[in-house]
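The lines below spell out each chain.
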Amino acid sequence: MTPMQAAARQRRMLLTGNHAAAYGALLAKPQVIPVYPITPQTPVLEKLLELAEAGELTGEMITVESEHSGMAACISASLAGARVFTATASQGIALMHEMLHFAAGARTPVVMVNVNRTLASPWGFWADQTDSLSQRDTGWMQFYCESGQEALDTVLQAYRVAESVLLPAMVVIEAMYISHTLEPVEVPEAALVAGFLPPFEPTLRLDPGQPRSVGGVTTPAQWRQNRLAMQEAMTLALGAVAEAGRLYGELTGRAYGATESYRTEDAEVVLVAAGGMAGTAREAVDRLRQAGIAAGLLRLRLFRPFPGAEIAEGLAGAARVAVVDRNCSVGSGGIFCQEVRAALSSLGQGAVPVLSYIAGLGGVNVPPERMMRIVTDALGRDGMSAGPIQAEEL
Amino acid sequence: MPRELGAPRPLGWSEPGRTTLEIKTGGWRTRRPMYVEATAPCRAACPAGEAVARWIELARRGELAAAWALIREANPFPAIMGRVCAHPCESACNRRQHDGGVAINALERFVGDWGLRHGARALPDLPRPGRVAVVGGGPAGLACAHALSRRGYRVRLYEAEAALGGLLRYGIPEYRLPRAVLEREIELGIGPGVEVLTGQRLGANLAWETVAGHDAVFLATGASLPLGLGVPGEQAQGIGNGLGFLRDLACGTRPTLGRRLVVVGGGSTAMDVARSARRLGVPSVSVVALEGREEMPALPEEVSQALAEGVEIRNGLGVARFVEGGGRVTGAAVVPAQLERGGDGTIRPLFRPGPSEVMAADSVLLAIGQRTDLAALPPPLRGARGLIAAGKDGATPTVPIFAGGDAASAERTVTHAVAAGMRAARRIDAVLSGGAPAAPAALPGVRALPAHVVAFAEINLDYFPRALRAGRPERPAPGRVGSFAEVVEGFSAVTAREEGARCFTCGHCVDCDNCLIYCPDMAVSRRDEGGYRLSTDHCKGCGLCAQECPRGALQMVSER
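These lines cover the structure that appears in this document, whether it is placed above or below. Along each chain, numbering runs from 1 in the same order as the chain's sequence is written. Chain A is the first chain written and ligand 1 is the first ligand written, with later ones labelled in order. Local features are withheld for residues below a pLDDT of 70 in this predicted model, meaning they are given only at 70 or higher, and side-chain atom pairs are given and counted only at 80 or more; totals for whole chains, interfaces and linings count all residues. Just so you know, side-chain values use all the structure's heavy atoms and leave hydrogens and water out.

### A short note on the interface of chain A and chain B
Point 1. In this analysis, two residues are considered to be in contact whenever any of their non-hydrogen atoms come within 4.5 Å of each other. Listed as interface residues are 27 residues of chain A and, on the opposing side, 19 residues of chain B.
Point 2. Buried area counts how much accessible surface, traced with a 1.4 Å probe, disappears from two parts once they are put together, with both parts' losses summed. A combined buried area of about 2,100 Å² lies between chain A and chain B, and 65% of that area is made up of carbon and sulfur atoms.
Point 3. Three residues stand out in chain A for area buried against chain B, namely Leu204, Arg212 and Ser213 of chain A, and they jointly supply 27% of the buried area on that side.
Point 4. The term salt bridge refers to a pairing of a side-chain nitrogen on Lys or Arg with a carboxyl oxygen on Asp or Glu at a separation within 4 Å. Here chain A is connected to chain B by 0 salt bridges.
Point 5. For the purposes of these results, a polar contact is taken to be a pair of N or O atoms within 3.5 Å, where, inside protein, one atom must be able to donate a hydrogen and its partner to accept one; residues adjacent in sequence count only when each atom of the pair is a side-chain atom. If you look at where chain A meets chain B, you find 4 residue pairs in polar contact (both at pLDDT 80 or more).
Point 6. Starting at the N terminus, helices and strands are each numbered in turn, a helix being any DSSP run of H or I of at least four residues and a strand any DSSP run of E of at least two. Contributions of two or more residues to the side of chain A that touches chain B are made by helix H7 (148-165) and helix H9 (220-252) of chain A.
Point 7. When its residues are assigned to classes, the side of chain A that touches chain B shows 12 nonpolar, 9 polar and 6 charged. The residue classification treats Ala, Val, Leu, Ile, Met, Phe, Trp, Tyr, Cys and Pro as nonpolar and Asp, Glu, Lys and Arg as charged. All others, Gly included, are polar.

### A short note on the layout of surface pockets
In this approach, a probe sized like a water molecule rolls over the atoms, and the result shows the empty space that is left.
Point 1. Within this model, the second largest pocket holds a volume of roughly 1,600 Å³.
Point 2. Of the grid points, spaced at 1 Å and generated over the protein atoms alone, those admitting a 1.4 Å probe that cannot get out make up cavities, while open sets with protein on both sides within 12 Å along at least five of seven lines make up pockets; any residue with an atom within 4 Å of a point is treated as lining. Taken together, 37 residues line the second largest pocket, and the ones lying closest to its centre are Ser76 of chain A together with Thr20, Pro520, Asp521 and Met522 of chain B.
Point 3. Looking at the lining of the second largest pocket, the elements with two or more residues in it are helix H4 (67-79) and helix H5 (90-105) of chain A together with helix H17 (514-518) and strand E19 (524-526) of chain B.
Point 4. With 6 residues, H4 of chain A is the single largest residue contributor to the lining of the second largest pocket.
Point 5. The class makeup of the residues in the lining of the second largest pocket is 20 nonpolar, 12 polar and 5 charged. Grid points are joined across faces, edges and corners, and a volume is the space filled by probe spheres set on the points.

### Topic: the pattern of salt bridges
Point 1. Applying the stated criterion across every chain yields a total of 58 salt bridges over all chains.
Point 2. Residues arginine 287 of chain A and glutamate 369 of chain A are paired through a salt bridge, measuring 2.9 Å at the closest nitrogen-oxygen approach. Within this pair, whereas arginine 287 of chain A is found in helix H10 (residues 277-290), its partner glutamate 369 of chain A is found in helix H13 (residues 368-380), the two being separated by 82 residues in sequence.
Point 3. In this structure glutamate 369 of chain A comes out as partly exposed when scored by relative accessible area, which is 37%.
Point 4. A salt bridge links arginine 480 of chain B to glutamate 309 of chain B, with the nearest nitrogen and oxygen atoms 2.6 Å apart. Taken together, the positions of arginine 480 of chain B in helix H15 (residues 477-480) and glutamate 309 of chain B in the loop between helix H13 (300-308) and strand E10 (312-315) put the pair 171 residues apart, joining distant regions of the chain.
Point 5. By relative accessible area, arginine 480 of chain B is classed as buried at 1%.
Point 6. Here's how the labels work: a residue is buried when its accessible area is under 20% of the maximum for its type, exposed when over 50%, partly exposed in between, all with a 1.4 Å probe on protein chains only. On the basis of relative accessibility, which here comes to 2%, the residue glutamate 309 of chain B falls in the buried class.

### Notes on the packing of helix H2 (residues 17-28) of chain A against helix H3 (residues 42-53) of chain A
When two helices pack together, their arrangement is given by the angle between their axes and by how far apart the axes lie.
All names here are of chain A.
Point 1. Convention adopted: a line fitted to C-alpha atoms gives each axis, helices being fitted over their contacting stretch, and angles between N-to-C directions are expressed from 0 to 180 degrees. Between H2 and H3, the shortest axis-to-axis distance is 8 Å and the interhelical angle comes to 45°. Between H2 and H3, the angle is such that the two are oblique. Here H2 runs over H3; the crossing is right-handed. Contacts from Asn18, His19, Ala22, Tyr23, Ala25 and Leu26 in H2 reach Pro43, Val44, Lys47, Leu48 and Leu51 in H3. Working rule for angles: under 35 degrees goes down as roughly parallel, over 145 as roughly antiparallel, 65 to 115 as roughly perpendicular, anything else as oblique. Here is the rule for handedness: rotate from the far helix to the near one, and if that takes an anticlockwise turn smaller than a right angle the crossing is left-handed, while a clockwise turn gives right-handed.

Have a look at this one:
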């Protein structure tokens, strides 16, 4: 399909990130949608209700009394063979935590949008990646989106990957910066993506006509085997993400990968960022290049499975790496940075200096100038810092 | 399409047909829920033992035929009850402690009135050989005749008056119990197995031997002899008894009362007499009662209706003597007094010091009670305190003679009389058939706990938003003293449904599914025939079902 043809089959709408995610869900045709509202995710739910009211969304929306129950309903419906969508944020995903493990262990390809928001206490409604990163080890795939457009596109890709490897997937956007910001979004027509995401038809499903149980007690050996199978599925998911991103690009003109390298070829300093801050970093890179500083950006889109090899390849020529985290694992530091360092180290690239910068915690704005200061700071350091560097103090 | 990519068959799936039901977690339990049918306080308080909560439940589901039939198992006269019963059920109603007791009496009238229009006459089950004489066609006798004929016995019903009904016809004015209602309900209650013989007065034209010649006898001759005050001047002209006045009225006679009437008594009869007199055009009607306003045995609504109709009620006064002029009463001398209850249940006035006052009167009617005429009965049946000697079940010392109603009891309400007739019918049936009466069937799988009366604390109020009790519509007072047309109007279907929905249905499962929904172990399942099954294989005894049961139909019991 030519870009012209692809453009003709998409409608340009002015949407917030939340509404774009809801349109992604609409195109995926979920059959069961248990959702509990929470700021800043609520507009996702509201848009879905509007679409259901208008008769466009035909899945059954279930009002639940908590996110924990919501995820329990997602798991049950998915085991019964339904395509399931939900969305949450912050305290909601924290409350779901127990069920997130259950969803992954039961191999239910649930797709969930999470709007990154600070966790209490103290109370806040602002962007912070800790809520979803805290769920790192639950067995969910995690995609971090840079824009509303990407949220829409990623929901569809996440279903395709999740249903092929039977693992749940989280599509993450940041509070306010993406969730509540209007931007032009290309919404594909349903027929354009129908072949990309055929109906979910698992061979194994719960059926009252043929009752059986799932998730019951296993032996230690069986439990281990289940966990190894999940690990194997995560490995396979790396390939599935790449293929889904490429195929989606052929259909819509927007291709995606697990990571995105921007002007990294000859870069002396490579910024590493995920989510909305990656766009700011891209702007900073352009300005630095104009000023004669060889900066680049490696954007992390996929966090689980962690694309370590792809990252190592992308950072291979860098003299300095500056990982910018909008999160802080208290007592350690930026979570993305830890993962990048571990991947480089295990792949024999441990000599590359990787500096950890914490920026924009609690929704503090990170303008391009701050990203530029991060780069100049990184250039000024010859080795490692003792701990994470606070970008707001540079 | 890489659909088969990875995705080995996940572990933890059982073979088809094998479910977690195999895991019997019931062994963890120290307590278990019991699915019960307990007694609602309304039923415990009902003299006739009507299954009130259950018939309200049927009525609100629109099953009026079933509701009518269920009331009639305990009380064949719901349309009459819904008008004249003193409704102790409403005083006992658990909802009183929430937002006002359920208007049970009005609902009973609603169901009863449905029966007047749509109900069918009582037909016997199977013919049985016994022949029973019932003496007295008032509420007790009618109820007994009804119940026995339903069971297949042939009944001779002897009535002294020209028509059936007893006190219902001759003692309760039409504005409270319209004649058409009375007659239709008697017609529905008395089946073809009952031979009615009117104008047969025991000791006059009906010989004791005739009665005693039956296989069993139920004596329900009522209490027809008026009590007097025993004060000076009582023999003066113009002093009569209230029940006699009401009887005359029922027979079409309109006694002359003058312009000023004093009625003595504080019960329903006093109210009936006073209000009837107002309807006959007596301008000044005063009731003199020993009791305070709140202690009067008349129902509060009767008192308020009487006041609205211009009756004056003077409380805490006793008649010391009557004043006469030329042999005719001209007034009643009243003094401060109160009611004194003797240890044996008798009541008498206790005069207190205070100013005497003469209330002018052209006539006086006494409504202070009646006694039973025992003269026609053989000596063993003449009991203490002027009543026929009979136990709670109606059995007299001379089996198979039974007695009930006002003739054998000091509890003189229509409902007590009906209950006595029904109880005696069960006993007579047991005696004649040689068997015990069958226990009423509970719901499937339900343990009947008749002795457990559901307390207010057992109701889960979260399921019962507050809703005001429906008022009973009344015709406006200014217009109603002009006639004997019925004062209180019935509920509309909408009001009846709304009021019925207020019933907690204490102790009786209504298939609300709460236990099913809340059981975390899915140990509760529906039965095909209605109700629920509790799996002791899986119940861990957490008690959520009993907590969430809105009405106490699940009770936790210890396993030990």
